[in-house]
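Inside the fold
This is what each chain is made of:
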Amino acid sequence: MIRRSAVLALLCVEACHAVVNVESCGAVGDAMTDNTNAFRECAVKAPMDDGILLVPGGTYRTGAFNLSSNTILEVMGAIAGVQNFEGYPVIPPLPSYGTSRDCCVNRYQALIQTNNAQNITIRGPGSIDGGGEFWWPQFTNKTLLNGRPKLIELINTTDIEITGVTLQNPGFWTLHPVYCKNVWIHHIRINNPANIGNTDGIDPDSSANVLIEHNSISCGDDVIAMKSGMDQYGRDVGIPLTNVTIRHNMFYAGVSLSIGSEVSGGVSDIFIYNNTMVGPLMLGAYIKSAASRGGYIKNVLFQDYRIGVVTKTHLVIEPQNGGGPPAPQLTVLENIRFVNVTRVSTDSVATPGTFKWFASPYECTGLSLEHVDLGPTSGPWRCGNVKNISLTDVSPSGLTCS
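Residues numbered from 1 in each chain as written. Predicted model: local features only at pLDDT ≥ 70, side-chain atom pairs only at ≥ 80, totals over all residues. Heavy atoms only, no water.

Overview of the sheet that holds strand 32 (residues 382-384)
In spatial order, the strands read 21-24-26-28-30-32; together these six strands make up an open sheet with parallel pairing. Of all the strands in the sheet, the pair left with one neighbour each is strand 21 (224-226) and strand 32. Each adjacent strand pair in this sheet contributes to an overall mean axis angle of 15°, direction not counted. The pairing of strand 26 (residues 281-287) with strand 28 (residues 310-317) spans five bridges and is parallel. (Pairing = 2+ DSSP bridges. Helix = DSSP H or I, 4+ residues; strand = E, 2+ residues; numbered from the N terminus. Axes fitted to C-alpha atoms, helices over the stretch in contact; angles between N-to-C directions.)

What to know about the packing of aromatic side chains
This structure, assessed with the given rule, holds 15 aromatic pairs. Residues Tyr88 and Trp135 carry aromatic rings whose centres are separated by 5.3 Å and whose planes lie at 85° to one another, so their mutual orientation is edge-to-face. With a gap of 47 residues between them, Tyr88 in the loop between strand 7 (78-81) and strand 8 (90-91) and Trp135 in helix 3 (residues 132-140) connect regions that are remote in the sequence. The exposure classification of Tyr88 matches that of Trp135, with both residues buried. By the ring-pair criterion, three or more aromatic residues cluster together here, those being Phe85, Tyr88, Tyr108, Phe134 and Trp135. When the ring centre of Tyr296 is taken as origin, the NZ or CZ atom of Lys298, which lies over that ring, is 5.1 Å away. (Phe/Tyr/Trp six-rings, centres within 6.5 Å; stacked < 30°, edge-to-face > 60°. Buried < 20%, exposed > 50% of the residue type's maximum accessible area, 1.4 Å probe, protein only. Lys NZ or Arg CZ within 6 Å of the ring centre and 35° of its normal.)

Re the sheet that holds strand 5 (residues 65-67)
Strand pairing in a sheet relies on backbone hydrogen bonds. The paired strands run either parallel or antiparallel. Reading across from one edge, 5-10-13-16 is the order of the four strands in this open sheet, with parallel pairing throughout. Looking at the sheet topology across the chains shown, the edges are occupied by strand 5 and strand 16 (175-178). Here the average twist between neighbouring strands, direction ignored, is 20°. In the sheet, strand 5 pairs with strand 10 (residues 112-115) via three bridges, with the strands oriented parallel. Each residue of the ladder has a partner; that of Phe65, found in strand 10, is Ile112.

Right, here's the structure in full:
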């Protein structure tokens, strides 16, 4: 028999949250009013009662604001970032990057940000728009004094759920959990222009226990890019990205689903299962680093992976050029598996795959392709600096490595 107190406790999960409506702080959802002060005021009030910060129907323009622990951001209408510099405080770079990763050292704060928080929920069915139309030309014209703001950045935060919302038009990356634990991102939509670079979808970074599932992503860069800091800064901080599951997602326009190139803190135990790369994408899957990165990439499994329209190459493991001085030890790459990878497009524009890592003694060690069917394709496999390669039922044939 269920006790009455237990029933009341279950009901209280929603009913006992205090609701703080942004309109109670003076916000106006007319798509014109600058509601920055109202959002910041209400964002402070909401966690005092373990509350819900409610954005009702309408379009509410605001500058950057922070969420504190034990806050649910409930977006029923639309949040739209103000299109000016003044609404975004200038903040220092992340310790594991030492730069904004954009144009400059410092950067503008994300539209929505957490710092040293716990129990954060952002949920829909509404939308969050970063007003990227203001920021993209600033980068192109080289008029920025600080790096562009991300749409949502969660820093050193534990127990995160993001669900139901539509995210679009960030100044820079869309959704960036960094130094976080226990992250669940599900049933969201990311819709960014396909022709605007640096509008990554989701960038899990130096975090642990990340589940990304049942999402739809279309953007102008990597749909998902897994990271762990850059060069000496990333190696000094030394926080890896580990235990990440990416499953049941649909990926449309973009560059690829990638690991890297910023892997200086290490990336390991990545399970990518039952995803569909509809496209058009440049690459079907991409593992990358650079001589300056160091760190490692270990224990990665792509399984039941369907690839649609790809314009260049289906599977790529390859360092990039550029970066700073070479790391004392180049990136270690071990135990990479592709299992049940198939095409869901009949075009033959792209090449099947490129697997080329650093020269000895930093070769890729342990590459396995099992039941991989990528034909028809436009050219041969390319492979070098790979040890211990295992092939089972791979098409097209002809894959050999030196």
